[in-house]
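As a plain string of letters, each chain reads:
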Amino acid sequence: MEDDLLLDSLAENAQPASDDVSEGPPTSPSTTPGRSGARKAQRYYRLGMYKKAAELYEDAARGATRKSQNDFLHNAAVALSRADQHAEAATTLEQLRGMTGGDTYDTTYNLGI
């Protein structure tokens, strides 16, 4: 039951990268930083390819502003959780919590702390 609440909370709080997202997976598997990379991740997420989406969100965070990094890492944690990669999702939330210095994304709640 706690896992269901965690998943529900994470899914409800996912931050959109953009509203301008075409259907289907990206045509290029290459790493793309920033919002462009997040849009690719979002397409994979919408297709239910959560592990790949998480990887792309993490890649996108590397070339983004601090605010966007926070959003993309939060989305990566959501995708990892949806992919049943709960330990990895928790690690990503811990990383986000350290970056934000607090509960910007309810990370403490989502981690069950």
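The shown structure was predicted, so the numbers you read here are calculated from the model rather than taken from an experiment.

Quick notes on the rules
Residues numbered from 1 in each chain as written. Predicted model: local features only at pLDDT ≥ 70, side-chain atom pairs only at ≥ 80, totals over all residues. Heavy atoms only, no water. Helix = DSSP H or I, 4+ residues; strand = E, 2+ residues; numbered from the N terminus. Buried < 20%, exposed > 50% of the residue type's maximum accessible area, 1.4 Å probe, protein only. Contact = heavy atoms within 4.5 Å. Areas by Shrake-Rupley, 256 points an atom, 1.4 Å probe, with all protein chains shown as cover. Salt bridge = Lys/Arg side-chain N within 4 Å of Asp/Glu carboxyl O. Phe/Tyr/Trp six-rings, centres within 6.5 Å; stacked < 30°, edge-to-face > 60°. Core = buried A, V, L, I, M, F, W, Y, C linked by side-chain atoms within 4.5 Å. pLDDT = per-residue confidence, 0-100. Expected span 1.5 Å × (residues − 1).

### Re the overall build of the protein chain
Along the backbone of the protein chain there are six helices and zero strands. The N-to-C order of helical and strand elements in the protein chain reads α-α-α-α-α-α. For the protein chain, the proportion of its 113 residues judged to be buried stands at 42%. When contacts within the protein chain are restricted to residue pairs at least 6 apart in sequence, those whose partners lie at least 24 apart make up 46%. In the form shown here, the protein chain has an accessible surface area of approximately 6100 Å², with 47% of it arising from carbon and sulfur atoms.

### Brief notes about the side chain of Gln 69
Take Gln 69: it is sitting in helix H4 (residues 66-82). Overall, the relative accessible area of 16% leaves Gln 69 in the buried class. Every residue in contact with Gln 69, bar those within four places of it in the chain, is listed here: Ala 61, Arg 62, Ala 64 and Met 99.

### As for the pattern of salt bridges
Considering all chains together, one arrives at two salt bridges under this definition. Measuring nitrogen to oxygen at the nearest pair gives 2.3 Å for the salt bridge that ties Asp 59 to Arg 62. With a gap of three residues between them, Asp 59 and Arg 62 both fall in helix H3 (residues 50-62), about one helical turn apart. Overall, Asp 59 belongs to the buried group, its relative accessible area being 17%. On the accessibility criterion, Arg 62 (62% relative accessible area) is exposed. For the salt bridge of Lys 67 with Asp 71, the shortest nitrogen-to-oxygen distance reads 2.9 Å.

### Overview of the packing of aromatic side chains
Enumeration over the complete set of coordinates arrives at two aromatic pairs. With centroids separated by 5.0 Å and ring planes inclined at 65°, the aromatic side chains of Tyr 45 and Tyr 50 adopt a geometry described as edge-to-face.

### Some remarks on the nonpolar core
Generally speaking, nonpolar side chains in soluble globular proteins are found buried as a group. Ranked by size, the top nonpolar core spans 19 residues in total, and within it Ala 38, Tyr 45, Ala 53, Tyr 57, Phe 72 and Ala 79 carry the most contacts. Elements that contribute at least two residues to this core include exactly helix H2 (34-46), H3, H4 and helix H5 (86-100).

### Observations concerning the confidence of the model for the protein chain
Of the residues in the protein chain, 59% have a pLDDT of 70 or more, and the chain-wide mean is 75. Mean pLDDT in the protein chain bottoms out at helix H1 (residues 2-12), which sits at 47, and peaks at H3, which reaches 95. Note on residues 1-8: pLDDT under 50 across the span, and four contacts to partners over four residues away in sequence or across chains. Counting interchain partners and residues more than four positions distant, the pLDDT-below-50 stretch residues 17-29 has 24 contacts.

### With respect to H4
For H4, which comprises 17 residues, the first-to-last C-alpha distance of 24 Å matches the rise-based estimate of 24 Å (1.5 Å per residue) to within 8%. Most of H4 sits inside the fold, with 14 of its 17 residues counted as buried. Positive backbone phi, approximately 60°, marks Asp 84, located one or two places after H4.

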